[in-house]
Amino acid sequence: MENTLRHLNALRVFEVAARHSSFAKAAVELNVSHSVVSQHIRNLELWFGTELFIRHGNRVELSDDGRDLHPQIASGMQTLTDASEILLRKTRSGTLVVSAEPALASLWLRKRITEFCSQFPRIEIDLRPAWTPAQIGEGQADMIIHFETRVPKRGVERDNLFPIDGYPAATPDLRNALPTEGSAIDWQRAELVHDNGKETWHKWYAAHEPKSEGWRKGRIHSDLSLAIDAAVDGEGVILADDILCQREISSGQLVRLDDRSVRCIWYQIAIPRGTSKSGASAFFRDWLLGQTQNLRE
C-alpha cells in the first residue's frame, strides 16, 4: 500500500479546513493561499477516491466520508503536536528582550509571558515597557510589540497581533448619574476620560456623534493604565475594550454604556528581518500569534 505519510501536509490542511468548515479560514490559519488549500484537498480526494467536502459555492461542509475521517485525523494531529511540544520545552532556549507599549505590557502581555515561560522554562524574556519602542536588533531589543504606527517599517518582519475596538464604559454609579437627553446619554455633556490625547474619543464621536463637540471634554492621562484607574474611580467615561479592560468589564467595575464601537488601533509584533525560524524570537512570536488567532478573525 502507498505510504500515507506522503500526504501528511494535505491531511493537516484537511483537518484545519474541516474544523473551520471553510477553505478561506484554513488558508488564513495556515498562512497559505486559498488555491493551495483547494489543491491539497483535491489531491486527498483523488487519493482516497471520494469527496471529502460538499461544495456550495463559497461554502463547504464535510461529506459523510469526510465526517468519518476528521476525528481520527484531528486526534493524530494532536498527538503529533503534543509530542513536538514536549520536546520543544526541553530544547528551546535563549534570552529575549521585548520592548512593548506600557499598557499592553502590564494589562495583557505580562501574563502571557508568565504562561509561555512556564511551558518553555529555558527561554528567558526580559519585558521592557516603553512608550517609544527601543531600536530593534543591535543588542537593544529582539522584539517590539506596540501600536502599528510605532513599529518600524524597515528591516523587520511585522505581524498583526490584534485590534483594539473601543466602546463607552463607566462605573455603574456614574452610568446612573450621566446627563441624558430623553432616554439616551447626552454625549455633548458627558465627562470623558482620555488616554494619551483625545484622538480615540474624537474617532468615536466622528463615527457616531458627528455633530457633537463632546470629545473635547475630560482629562487626559499619560497612558491607558492610568485612564482605566481613573474610570474605575468614577472620574468619567472611558473607551474600554474586551482585551486590555477585560478584568474591569468582567468584574462589573466598568459597564458598557453604548453598543457603538470604533476601531482604535492595531497592535503589531516585529522581529528583525531574517531571524532564524527556529530561534527563540520567531518561536515566541509564533506562540503569541497562535494565542491571539481568534482575536484577528
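Our structure's up above, just so we're on the same page.
Residues numbered from 1 in each chain as written. Predicted model: local features only at pLDDT ≥ 70, side-chain atom pairs only at ≥ 80, totals over all residues. Heavy atoms only, no water.

**Q** Got a minute to help me understand the overall build of the protein in this structure?
**A** Across its full length, the protein holds 11 helices and 13 strands. Overall, the C-alpha framework of the protein stretches about 75 × 50 × 35 Å when taken along its three principal axes. For the protein, with 297 residues in total, the buried portion stands at 44%. At a minimum sequence separation of 6, the contacts of the protein that also span at least 24 residues come to 71%. In the form shown here, the protein has an accessible surface area of approximately 16000 Å², with 48% of it arising from carbon and sulfur atoms. Both charge centroids of the protein, one from 36 positive and one from 40 negative side chains, sit 4 Å from each other. (Helix = DSSP H or I, 4+ residues; strand = E, 2+ residues; numbered from the N terminus. Buried < 20%, exposed > 50% of the residue type's maximum accessible area, 1.4 Å probe, protein only. Contact = heavy atoms within 4.5 Å. Areas by Shrake-Rupley, 256 points an atom, 1.4 Å probe, with all protein chains shown as cover. Lys, Arg positive; Asp, Glu negative; His and termini not counted. Charge placed at Lys NZ, Arg CZ, Asp CG, Glu CD.)

**Q** What should I look at first to understand the packing of helix α1 (residues 8-20) against helix α2 (residues 23-30) in this one?
**A** Two elements in contact, α1 and α2, have axes whose closest approach is 8 Å; the angle formed by their N-to-C orientations is 125°. On the basis of their axis angle, the class for α1 and α2 is oblique. When the axes of α1 and α2 are compared, the crossing they make is right-handed. Contacts from R12, V13, V16, A17, R19 and H20 in α1 reach F23, K25, A26, E29 and L30 in α2. Taken together, the residues that form the contact of α1 with α2 break down as six nonpolar, one polar and four charged. (Axes fitted to C-alpha atoms, helices over the stretch in contact; angles between N-to-C directions. Parallel < 35°, antiparallel > 145°, perpendicular 65-115°, else oblique. Left-handed = near helix turned anticlockwise from the far one by under 90°. Nonpolar A, V, L, I, M, F, W, Y, C, P; charged D, E, K, R; others polar.)

**Q** Would you mind showing me how to read the environment of R260 here?
**A** One can find R260 in the loop between β12 (255-256) and β13 (262-272). For the pair R260 and D165, spaced 95 residues apart in sequence, the C-alpha to C-alpha distance is 9.9 Å. Those residues in contact with R260 that lie beyond four places of it in its chain are G166, Y167, P168, W187, W204, H208 and E209. From its side chain, R260 meets the backbone oxygen of H208 in a polar contact 3.1 Å long. (Polar contact = N/O pair within 3.5 Å; in protein donor to acceptor, adjacent residues only side chain to side chain.)

**Q** What am I meant to see in unusual backbone geometry here?
**A** When glycine is set aside, most residues are seen to have a negative phi, and most peptide bonds are trans. At S21, a position not held by glycine, the phi torsion is positive, near 50°. Structurally, S21 is set in the loop between α1 and α2. A residue is classified by how much of its surface remains accessible, and S21, at 41% relative accessible area, is partly exposed. Phi at N196 is positive, roughly 55°, even though this residue is not glycine. Among the secondary structure elements, N196 is positioned in the loop between β9 (193-195) and α7 (199-208). When its relative accessible area of 38% is taken as the criterion, N196 is described as partly exposed.

**Q** Sorry, what's going on with the packing of aromatic side chains here?
**A** Two aromatic rings are characterised by how far apart their centres lie and by the angle between their planes. Under the counting rule described, the total for this entry stands at 18 aromatic pairs. Ring geometry for F116 versus F283: centroids 6.0 Å apart, planes at 55°, classification tilted. In this pair, F116 sits in helix α5 (residues 102-119) while F283 sits in helix α10 (residues 280-291), placing the two residues 167 residues apart along the sequence. In this structure F283 comes out as buried when scored by relative accessible area, which is 13%. A centroid spacing of 5.2 Å and a plane angle of 65° characterise the contact between F116 and W287, whose relative ring orientation is edge-to-face. Of this pair, F116 sits in helix α5 while W287 sits in helix α10, and the two are 171 residues apart along the sequence. (Phe/Tyr/Trp six-rings, centres within 6.5 Å; stacked < 30°, edge-to-face > 60°.)

**Q** I tried to follow the nonpolar core on my own but got confused; where do I start?
**A** Burial of nonpolar side chains together is a common tendency in soluble globular proteins. Core analysis: the biggest nonpolar cluster contains 61 residues, and I145, I238 and F284 have the highest contact counts within it. Tallying contributions element by element places α5 first for this core, with eight residues. Not counting chain neighbours up to four residues away, the residues in contact with F284 comprise L96, V98, I113, F116, I125 and M143. Counting residues in each nonpolar core, the second largest holds 21 residues, with A18, V37, I41 and I73 among its members. (Core = buried A, V, L, I, M, F, W, Y, C linked by side-chain atoms within 4.5 Å.)

**Q** Is there a simple way to think about the pairing of strand β5 (residues 143-147) in this case?
**A** Remember that side chains alternate between the two faces of the sheet whenever the strand is regular. Counting buried positions along β5 gives five out of five residues, so the element sits mostly inside the fold. With three bridges connecting them, strand β3 (residues 94-100) and β5 associate as parallel partners. Bridged to V98 within β5 is M143. Taken together, the four bridges between β5 and β13 define a ladder with antiparallel strand orientation. Looking across to β13, one finds that I145 is bridged to I269. (Pairing = 2+ DSSP bridges.)

Any functional reading would require information that these geometric values do not contain.
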